[in-house]
Amino acid sequence: MSAITPYEWAIIAFVIGVTFLCVFMLTVPLLLGGKSWGRAKQEQFESGVVGAGGARIRLSAKFYLVAIFFVVFDLEALYLYAWAASVREVGWVGFATAAVFILVLLVGLIYELSTGALNWAPSDKRKAAGIKPKVGSPGMDLAEITRFNSIEELVTDPTGQIPAQSSGRVKSSPTASSVKE
């Protein structure tokens, strides 16, 4: 019969520790947690917002394209990071492999741009339809439009009330209007 080595003791201690931690994390909330039940308790709740509607909604294919682009370019970054970490060991063969990899991805990106897969803005759709944009008159003074006089312009709207009051959410009090004057 052989004696247990320190390495085996470490493995045994680790397994016992993980088992104890799992049992502790599963039983303590049951013992200390609340016991109230109700319809509101069973509703879905995420980040402080009560859910509206079902989770099975139809999404545009553009969302999936963004996800695919993210995965492709994320994998490209991962591959290039591994290549950069071992650039001295792989030599010119590794450089050629990385160059071919980047070239293939660049050709794919150019193809996506040429087919219009990345043109999602409404202006791009109008341009493709042949609709000319209405920019403004030739004598338009952009500096006058974007001029900023004082902070009071940001605090009050043209009716003289703060934006929350003009929306009807905050009641205007006579003391607040007399202080402003």
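Residues numbered from 1 in each chain as written. Predicted model: local features only at pLDDT ≥ 70, side-chain atom pairs only at ≥ 80, totals over all residues. Heavy atoms only, no water.

### A few points about the overall build of the protein
(1) Moving on: Per the secondary structure count, the protein includes eight helices and two strands.
(2) Moving on: Each helix and strand of the protein, ordered N terminal to C terminal, gives the series α-β-β-α-α-α-α-α-α-α.
(3) Moving on: Put simply, of all contacts in the protein between residues at least 6 apart along the chain, 30% involve residues at least 24 apart. (Helix = DSSP H or I, 4+ residues; strand = E, 2+ residues; numbered from the N terminus. Contact = heavy atoms within 4.5 Å.)

### Concerning the confidence of the model for the protein
(1) Moving on: The predicted model of the protein averages 75 in pLDDT, with 64% of residues at 70 or higher.
(2) Moving on: When pLDDT is averaged over each element of the protein, helix α1 (residues 6-32) comes out on top at 93 and helix α8 (residues 174-180) at the bottom at 48.
(3) Moving on: Scored below 50 in pLDDT, residues 176-181 makes two contacts in the model with residues more than four places away or belonging to other chains. (pLDDT = per-residue confidence, 0-100.)

### A word on the packing of helix α2 (residues 61-85) against helix α3 (residues 87-115)
(1) Moving on: α3 packs onto α2 with a crossing angle of 165° between their chain directions and a minimal axis gap of 9 Å. As far as their axial angle goes, α3 and α2 are roughly antiparallel. α2 and α3 meet at a crossing whose hand is left-handed. Contact residues: α2 offers Phe-69, Val-72, Phe-73, Glu-76, Tyr-79, Leu-80, Trp-83, Ala-84 and Ala-85, while α3 offers Val-87, Glu-89, Val-90, Gly-94, Phe-95, Thr-97, Ala-98, Phe-101, Ile-102, Leu-105, Leu-109 and Glu-112.
(2) Moving on: Looking at the contact of α2 with α3, its residues break down into 16 nonpolar, two polar and three charged. (Axes fitted to C-alpha atoms, helices over the stretch in contact; angles between N-to-C directions. Parallel < 35°, antiparallel > 145°, perpendicular 65-115°, else oblique. Left-handed = near helix turned anticlockwise from the far one by under 90°. Nonpolar A, V, L, I, M, F, W, Y, C, P; charged D, E, K, R; others polar.)

### Section: the UniProt feature "transmembrane region" (unreviewed entry) in the protein
(1) Moving on: Taken from the UniProt record, the annotation "transmembrane region" (unreviewed entry) applies to residues 6-32, 63-84 and 90-111.
(2) Moving on: Annotated as residues 63-84, this span is 100% helix and 0% strand, and its ends, taken at the C-alpha atoms, are 31 Å apart.
(3) Moving on: In residues 90-111, helix accounts for 100% and strand for 0%; the two terminal C-alpha atoms are 30 Å from one another. (UniProt positions renumbered as here; feature names shortened; annotations may be inferred.)

### Here we look at the packing of aromatic side chains
The geometry of an aromatic ring pair is captured by the separation of the ring centres together with the interplanar angle, meaning the angle of the planes.
(1) Moving on: Taken as a whole, this structure holds four aromatic pairs when the rule is applied.
(2) Moving on: Ring centres of Tyr-79 and Phe-101 lie 4.5 Å apart, and the angle between their planes is 55°; on these two criteria the pair is classed as tilted. Here the residue Tyr-79 occupies a position in helix α2, and Phe-101 occupies one in helix α3, the gap between them amounting to 22 residues.
(3) Moving on: Residue classification places Tyr-79 among the partly exposed residues on the basis of a relative accessible area of 31%.
(4) Moving on: Aromatic side chains Trp-92 and Phe-95 sit 5.6 Å apart centroid to centroid with 85° between the ring planes, which places their arrangement in the edge-to-face category. In this pair, Trp-92 and Phe-95 are both assigned in helix α3, three residues apart and thus about one turn of the helix distant.
(5) Moving on: Assessed through its relative accessible area of 71%, Trp-92 is described here as exposed.
(6) Moving on: The exposure class assigned to Phe-95 is partly exposed, which follows from its relative accessible area of 42%. (Phe/Tyr/Trp six-rings, centres within 6.5 Å; stacked < 30°, edge-to-face > 60°. Buried < 20%, exposed > 50% of the residue type's maximum accessible area, 1.4 Å probe, protein only.)

### Remarks on the side chain of Glu-76
(1) Moving on: With respect to the helices, strands and loops of the structure, Glu-76 is situated in helix α2.
(2) Moving on: In this structure Glu-76 is buried but unpaired, with Arg-88 as the nearest side chain of opposite charge at 22 Å.
(3) Moving on: With near-sequence residues (within four places) excluded, Glu-76 lies in contact with Phe-101, Ile-102 and Leu-105. (Lys, Arg positive; Asp, Glu negative; His and termini not counted. Salt bridge = Lys/Arg side-chain N within 4 Å of Asp/Glu carboxyl O.)

### Considerations on a nonpolar patch on the surface
(1) Moving on: Taken together, the side chains of Tyr-7, Ile-11, Phe-14, Val-15 and Val-18 present a nonpolar region at the surface, about 530 Å² in accessible area.
(2) Moving on: With respect to the element layout, Tyr-7 can be found in helix α1. (Patch = residues over 30% accessible without salt bridge, like charges linked within 9 Å, V, L, I, M, F, W, Y side chains within 5 Å. Areas by Shrake-Rupley, 256 points an atom, 1.4 Å probe, with all protein chains shown as cover.)

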